[in-house]
Amino acid sequence: MVLTTHQLLQPEMGLRLPADVRAPLLEMGTACNQAAVHLHQALTFTLQVESALETQRTGHRAGMLLAQVNTDLQRLADQHFEQAIVVLARASTVYAVYASQVAVAVAAGNPPPLPGSERIAPSDLITAAGLYLPDVDFAGCDAASRVVAEQNAMIAQARRHLLDLITNQMQGTRSEAYDDIATVAAGNDGGESRLVEFPDALHTYASVLVWALSVFSGVKHDD
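Residues numbered from 1 in each chain as written. Predicted model: local features only at pLDDT ≥ 70, side-chain atom pairs only at ≥ 80, totals over all residues. Heavy atoms only, no water.

Colleague: Just checking my understanding: could you explain the nonpolar core for this structure?
Modeller: Nonpolar side chains in soluble globular proteins tend to end up buried together. Of all hydrophobic cores here, the largest spans 56 residues; its most connected members are L25, F138, Y178 and F198. Of all the secondary-structure elements, those providing two or more residues to this core are α1 (19–57), α2 (64–107), α3 (122–127), α5 (145–169) and α7 (197–215). If one sorts the elements of this core by residue count, α2 sits on top with 16 residues. For F138, the contacting residues outside a window of four places in its chain are A103, V106, A107, V148, N152, I155, A212, L213 and F216. (Core = buried A, V, L, I, M, F, W, Y, C linked by side-chain atoms within 4.5 Å. Buried < 20%, exposed > 50% of the residue type's maximum accessible area, 1.4 Å probe, protein only. Helix = DSSP H or I, 4+ residues; strand = E, 2+ residues; numbered from the N terminus. Contact = heavy atoms within 4.5 Å.)

Colleague: Would you mind showing me how to read the confidence of the model for the chain here?
Modeller: Caution applies to low-pLDDT regions: their predicted coordinates should not be interpreted in detail. In the predicted model, the chain carries a mean pLDDT of 88, and the fraction of residues at 70 or more is 91%. Across the chain, element-level confidence peaks in α7 with a mean pLDDT of 96 and bottoms out in helix α6 (residues 181–186) with 78. (pLDDT = per-residue confidence, 0-100.)

Colleague: Help me understand the packing of aromatic side chains, please; the structure alone is not making it clear to me.
Modeller: All chains considered together, the criterion is met by 2 aromatic pairs. Between Y178 and F198, the aromatic rings sit 5.1 Å apart at their centres with planes inclined by 70°, giving edge-to-face as the arrangement. Linking Y178 in the loop between α5 and α6 with F198 in helix α7, this pair joins segments that are 20 residues apart in sequence. Considered together, Y178 and F198 belong to a single accessibility category, that of buried residues. (Phe/Tyr/Trp six-rings, centres within 6.5 Å; stacked < 30°, edge-to-face > 60°.)

Colleague: Would you explain α2 in this entry?
Modeller: Within an α-helix, residues lying three or four positions from one another point in the same direction, as the helix has 3.6 residues per turn. If you check α2, its first and last C-alpha atoms are 63 Å apart, about what 44 residues at 1.5 Å a residue would give, namely 64 Å. Once α2 finishes, G109 follows within two positions and takes phi at roughly 75°, a positive value. (Expected span 1.5 Å × (residues − 1).)

Colleague: Where do I start with the side chain of S175 in this structure?
Modeller: Structurally, S175 is set in the loop between α5 and α6. When near neighbours in sequence (up to four residues on either side) are disregarded, S175 contacts S123, I126 and T127.

Colleague: I tried to follow the pattern of salt bridges on my own but got confused; where do I start?
Modeller: Opposite charge on two side chains allows them to pair when their charged atoms are near. Tallied over the full model, the rule gives 4 salt bridges. Residue E82 is joined to R194 by a salt bridge in which the shortest nitrogen-to-oxygen separation is 2.9 Å. In this pair, E82 sits in helix α2 while R194 sits in the loop between α6 and α7, placing the two residues 112 residues apart along the sequence. We note that E82, like R194, is buried. We note a salt bridge from E150 to R146, for which the minimum N-O separation is 3.2 Å. Taken together, the residues E150 and R146, both in helix α5 and 4 residues apart, mark about one turn of the helix. On the accessibility criterion, R146 (53% relative accessible area) is exposed. (Salt bridge = Lys/Arg side-chain N within 4 Å of Asp/Glu carboxyl O.)

Colleague: I'm lost on a nonpolar patch on the surface in this one. Help?
Modeller: Residues L65, V69, L73 and L76 make up a contiguous nonpolar surface patch of roughly 340 Å² in combined accessible area. Take L65: it is sitting in helix α2. Assessed through its relative accessible area of 61%, L65 is described here as exposed. (Patch = residues over 30% accessible without salt bridge, like charges linked within 9 Å, V, L, I, M, F, W, Y side chains within 5 Å. Areas by Shrake-Rupley, 256 points an atom, 1.4 Å probe, with all protein chains shown as cover.)

Colleague: Explain the packing of α2 against α7 to me, please; I cannot follow it from the model alone.
Modeller: The packing of two helices is summarised by the inter-axis angle and the distance between the axes. Where α2 contacts α7, the two axes come as close as 8 Å, and the packing angle between them is 30°. For the element pair α2 / α7, the angle class is roughly parallel. With respect to the hand of their crossing, α2 and α7 are arranged in left-handed fashion. Of the residues in α7, those in contact with I85, L88, A89, S92, T93, Y95, A96, A99, S100, V102, A103 and V106 of α2 are F198, P199, D200, L202, H203, Y205, A206, S207, L209, V210 and L213. For the contact of α2 with α7, the class distribution of residues is 17 nonpolar, 5 polar and 1 charged. (Axes fitted to C-alpha atoms, helices over the stretch in contact; angles between N-to-C directions. Parallel < 35°, antiparallel > 145°, perpendicular 65-115°, else oblique. Left-handed = near helix turned anticlockwise from the far one by under 90°. Nonpolar A, V, L, I, M, F, W, Y, C, P; charged D, E, K, R; others polar.)

Colleague: Before we go on, may I ask you to explain the environment of D180 in this structure?
Modeller: You can see D180 is positioned in the loop between α5 and α6. C-alpha of D180 to C-alpha of Q7: the two residues are 173 residues apart in sequence and 27 Å apart in space. The residues contacting D180, other than those within four sequence positions of it, are V86 and R90. Within polar-contact distance, the side chain of D180 engages the backbone nitrogen of A182 at 2.9 Å. (Polar contact = N/O pair within 3.5 Å; in protein donor to acceptor, adjacent residues only side chain to side chain.)

Colleague: Hey, could you run me through the side chain of N33 in this one?
Modeller: For N33, the position within the fold is in helix α1. At a separation of 2.8 Å, a polar atom in the side chain of N33 contacts the main-chain amide nitrogen of H6. Not counting residues up to four positions away in its chain, the partners in contact with N33 are T5, H6, L8 and H203.

Spelled out as structure tokens, the structure:
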């Protein structure tokens, strides 16, 4: 699993987007990038602890205290990693849903909406992904057909990957497991193993949408 950050809405792109639409898109993208970096750090910590435990299992004699510390760190690392997944899932859900709303409006030639006060939880999106993440098609935009086709293909691919993930790999998983880090901290999730690919795919899809809508809503060209 390769976690990555994504490009934010650039100052010279999306020039026709109102300031009160640009600002939340930029904030949401920044928040998701920060969450993705933290998730990567949590994964690194998990691997470091697992490496120490593997050394211990292969015959390196560890004293009682060292063995206890390694076990405690493994528990801590696992919990931290699960919490970091939830943090990115929550942030990328908000980003993907709002980016979808703005992209649908821009593609239809309508004024983009302001972000609403309602916050959609990951479980809401998992349950009704097609509702919150509808098809987006920029076919009617005033741009070269090649550019439109490329952007539409990228959007469709990212969306298809996300929906396939929800449909085929998240069956039998409690959708609420991605809603609140408190369930991880309290240890009340029954050892739930969350799918890191889910928030990563959400983050990717939101970023693809924002890039496309910024392309089709005004780009500053060098003179």
